[in-house]
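# Coordinates in review
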Amino acid sequence: MSTPLQRDKRKQDKPSAEIYSISKILIAPTRLEITLNNFVNTLSLILRMRRGGLEIPASEGETKITATTRISGSPSAADYNVPKAAIDQVMTAGRLVVPDVCNSELFKDHIKWRGIAPSAFIAAAVKCDHETVGILWFERAEESGYDYEEEVNFLSMAADLAGGAIQLHRTISRRGRTFPEEQQEQQNSRDKHSQSSARQRLLKNDGIIGESPALMAAVETAKVVAETNSTVLLRGESGTGKECFAKLIHQNSTRQKKPFIKFNCPALSESLLESELFGHEKGAFTGAIAQRVGRFELANGGTLLLDEIGEIPPAFQAKLLRVIQEGEFERVGGTKTLKVDVRLIFATNKDLETAVLNGEFREDLYYRISAVPVILPPLRQRDGDIPLLARAFLQRFNEENGRDLHFAPSALDHLSKCKFPGNVRELENCVRRTATLARSKTITSSDFACQADQCFSSRLWKGVHCSHCHMEIDASAGTTPLVGAPANDVPPKELASAGVASNLIERDRLISALEEAGWNQAKAARILEKTPRQVGYALRRHGVEVKKL
């Protein structure tokens, strides 16, 4: 029997799962009319509707778009036209809730509504590239005193996703093609070059290595998105390569010759974030001895990647929203309004939908940044990519260190069976660690630390069985040290080499945590389950120089 906490967790996860299922439908390789009809039909299974639809009025160079659905036994939405007064209000205000259409001035002249049971009407605006182009609506049974906030919030999210899909199809149609034709041509191209080497793939996709269907789908979506100026939200687990995808979008856009600026948004204070992103004037605060240009100014004309966007403090979210909407800001301590032209890409591994529902993330900011989501697959879903990645990482190691190492087939087979919860970042660390300690030019499966139960990175995944380390991690254990003591059955003559390996692994984990935390020591301490003082001591002991971002 589930506990109240488990039921609450399932309730929080439900909107995220529904948004994910809708996103998959909207990026399916089908004609736009089929995609939108599937989208509306899926909404009818999620929302308690009698009927509903999506309406995009005809505009210059574009035809009218209509997709409708209804629940069995209810009137058909295809026979019903939303009153123009209601459409105008939705397109002006962004959303509309009418608890009882029978008593609404907006619907008073709409004869078809008369004589039916009281109904509630809920609608949200559909936007393409920041312009309102239509509405998404549904009608449900009226309930006295019912709060429709949850439904209208969900419908707004769905409308934003639909707008992004329409924009993608319109962009492709300007080439004289349909989305399915574009997808088929891309698939043919992938089949033709499926035997390309890891280095060729590396150069083609701007640092993204692999040729699995899951990865290629994300890559091709990113390339289509790159042709517009739409705001992009890269979503995926830690270590899936969000920065690489941001560079891919920039390099395939019209801004490729302009700056690409990246900024990690860790748990900094509002004042520090404002200074980093907007800049400051001389004398704005203690220590401001000169004027400083912020990231938005540096990226003017180009692309700005804001990573870990889910970590910015609530007080700063309103200021960021203004810049996204208006493209204007003032430096800290300044009075002059500066205007910039920046293509924004956001990245997060956080569940933003739950953060919005919990009041931790502004709803209006969420709508702005999630216009076009690109979902990056974890390594465990990228069949066949691990050997390509491992070879590329080993080749990079060889070039940096003047070595000539290579993998035996058994080694690649062993790596392919690993789960790598830390994704590509963990795989790269594993390859570098193994190559550093390799005793011959050929790396075999026996060279990996997990074969001797010495894969200390597995301690990051408490309570989870580490299939590639053959270790069961105790979820009830207290704070885990950065490096554990060697196993009791290690022979004395091996203790020295084990100690060297432990130090290297500890240093790798320390650097990995700092990179993930944007070189913020306090946040890295939380990742490692250490105190900031312990992390500071480890930095000095391993001679790690802290980067200033």
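The structure this text deals with has already been given above.
Being a predicted model, the structure only gives us computed values, none of them experimental.

### What about the overall build of the protein?
Scanning the protein from terminus to terminus reveals 19 helices and 18 strands. Across the 549 residues of the protein, 48% fall into the buried class. Looking at the protein alone, contacts between residues at least 24 apart form 67% of all its contacts between residues at least 6 apart. Just so you have it, the protein exposes about 26,800 Å², and 51% of that area is on carbon and sulfur atoms.

### A few points about the packing of aromatic side chains
Tallied over the entire structure, the rule returns seven aromatic pairs. Measuring from ring centre to ring centre gives 5.9 Å for tyrosine 366 and tyrosine 367, while their planes differ by 65 degrees; the resulting arrangement is edge-to-face. Accessibility assignment for this pair places tyrosine 366 and tyrosine 367 in one class, buried. Put simply, the rings of Phe278, Phe296, Phe316 and Phe329 touch in pairs and so form one group of aromatic residues.

### So, the pattern of salt bridges
The tally for this structure, following the rule as stated, stands at 26 salt bridges. Here lysine 523 ties to glutamate 308 by a salt bridge, and the two come within 2.1 Å at their closest N and O atoms. Taken together, the residues lysine 523 in helix α18 (residues 521-528) and glutamate 308 in the loop between β10 (303-307) and α11 (314-326) connect sequence positions 215 residues apart. Both residues of the pair, lysine 523 and glutamate 308, count as buried. With a shortest N-O distance of 3.4 Å, lysine 417 and aspartate 413 are connected by a salt bridge. Judged by relative accessible area, which is 59%, lysine 417 ranks as exposed. Several salt bridges share partner residues, and in doing so they unite Arg322, Glu328, Glu330 and Lys339 into one network.

### Some words on the environment of isoleucine 87
The topology assignment puts isoleucine 87 in helix α3 (residues 84-93). Classification of isoleucine 87 by relative accessible area gives buried; the value is 15%. Sequence separation of isoleucine 87 and tryptophan 137 is 50 residues, and the distance between their C-alpha atoms is 9.6 Å. Leave out the neighbours within four places in its chain, and isoleucine 87 touches Glu55, Val82 and Ile135.

### Brief notes about the pairing of strand β6 (residues 232-235)
Because side chains alternate across β6, one face comprises the buried residues Val232 and Leu234, and the other comprises Leu233 and Arg235, equally buried. In terms of strand pairing, β6 meets strand β13 (residues 343-348) through four bridges, oriented parallel. Across the sheet, leucine 233 pairs through a bridge with phenylalanine 346, a residue of β13. One ladder, built from four bridges, connects β6 with strand β14 (residues 372-375); its direction is parallel. Along β14, the bridge assignment pairs arginine 235 with isoleucine 375.

### Structural notes on the side chain of aspartate 160
Structurally, the position occupied by aspartate 160 is in helix α4 (residues 149-173). As a buried residue without a salt bridge, aspartate 160 has its nearest oppositely charged side chain in lysine 127, at a separation of 6.3 Å.

### Structural notes on the sheet that holds β6
Sheet architecture is open: five strands sit in the order β7-β10-β13-β6-β14, paired in parallel fashion. The sheet is open, and its two borders are formed by β7 (260-264) and β14, each paired with just one other strand. Taking each pair of neighbouring strands and ignoring which way they run, the sheet shows an average axis angle of 20 degrees. Contacts between helix α7 (residues 213-226) and the sheet are confined to β6, β13 and β14, with β14 contributing the most and set at about 155 degrees to the helix.

### Some details on unusual backbone geometry
Here the phi dihedral of glutamate 308 falls at roughly 55 degrees; this positive angle occurs in a residue that is not glycine. Even without being a glycine, tryptophan 519 presents a positive backbone phi close to 60 degrees.

### A word on the pairing of strand β4 (residues 119-128)
In terms of burial, β4 is largely enclosed, as nine of its 10 residues are buried. Here strand β3 (residues 95-98) pairs with β4 via four bridges, running antiparallel. Bridging across to β4, leucine 96 finds its partner in alanine 123. Where β4 and strand β5 (residues 131-141) come together, 10 bridges link them in antiparallel fashion. Residue pairing across strands places isoleucine 122 opposite phenylalanine 138, the latter belonging to β5. Following β4, the chain reverses through two residues before pairing antiparallel with β5; aspartate 129 in that reversal takes a positive phi of roughly 55 degrees.

### Observations regarding the environment of serine 212
With respect to the secondary-structure elements, serine 212 resides in the loop between α6 (198-204) and α7. Owing to a relative accessible area of 1%, serine 212 belongs among the buried residues under this scheme. Sequence separation between serine 212 and isoleucine 386 is 174 residues; the distance between their C-alpha atoms is 9.8 Å. Excluding anything up to four places from it in sequence, serine 212 contacts Arg382, Asp383 and Asp385.

### Side note on the side chain of threonine 348
Take threonine 348: it is sitting in strand β13. Assessed through its relative accessible area of 2%, threonine 348 is described here as buried. A polar atom in the side chain of threonine 348 sits 2.9 Å from the backbone nitrogen of lysine 350. If near-sequence neighbours (up to four positions away) are discounted, threonine 348 is found in contact with Leu233, Leu234, Arg235, Gly236, Lys242, Ile309 and Gly310.

### Comments concerning the nonpolar core
Residues Phe39, Leu43, Leu54 and Phe296 are the most contacted members of the largest nonpolar core, which totals 65 residues. With 10 residues, the single largest contributor to this core is α4. Among residues more than four places away in sequence, those in contact with phenylalanine 39 are Ile22, Ile25, Leu26, Leu54, Leu136, Ala158 and Ala162. One finds Leu388, Leu389, Phe397 and Ala411 within the second-largest nonpolar core, a separate group that totals 26 residues.

Conventions used here
Here, residues in each chain are numbered from 1, in the same order as that chain's written sequence. Side-chain atom pairs in this predicted model are given and counted only at pLDDT of 80 or more, local residue features only at pLDDT of at least 70, and totals for whole chains, interfaces and linings cover all residues. Side-chain measures here rest on the full set of heavy atoms in the structure, leaving out hydrogens and waters. By the criteria applied, helices consist of DSSP H or I runs no shorter than four residues and strands consist of E runs no shorter than two, each listed in order from the N terminus. Burial here depends on accessible area, computed with a 1.4 Å probe over protein chains only, as a share of the maximum for the residue type. Under 20% is buried, over 50% is exposed, and the range in between is partly exposed. When checking whether two residues touch, look at their non-hydrogen atoms; a contact exists if any pair is within 4.5 Å. Residue exposure ignores everything except the shown protein chains as possible cover, and the areas themselves are Shrake-Rupley values with a 1.4 Å probe. Two rings from Phe, Tyr or Trp (for Trp, the six-membered ring) form a pair when their centres sit within 6.5 Å of each other. Planes less than 30 degrees apart are called stacked, planes more than 60 degrees apart edge-to-face, and all others tilted. By definition, a salt bridge exists where a carboxyl oxygen of Asp or Glu is found within 4 Å of a side-chain nitrogen of Lys or Arg. Two strands are said to pair when DSSP picks up at least two bridges between them. The sign given to each residue is positive for Lys and Arg and negative for Asp and Glu; His and the chain ends receive no count. To get an axis, fit a line to the C-alpha atoms, keeping to the stretch in contact for a helix; angles then go from 0 to 180 degrees between the N-to-C directions. Counted as a polar contact is a pair of N or O atoms within 3.5 Å, where, for protein atoms, one must be capable of donating a hydrogen and the other of accepting one, and residues adjacent in sequence contribute only when both atoms are in side chains. We call a set of buried Ala, Val, Leu, Ile, Met, Phe, Trp, Tyr and Cys residues a nonpolar core when their side-chain atoms join them within 4.5 Å.

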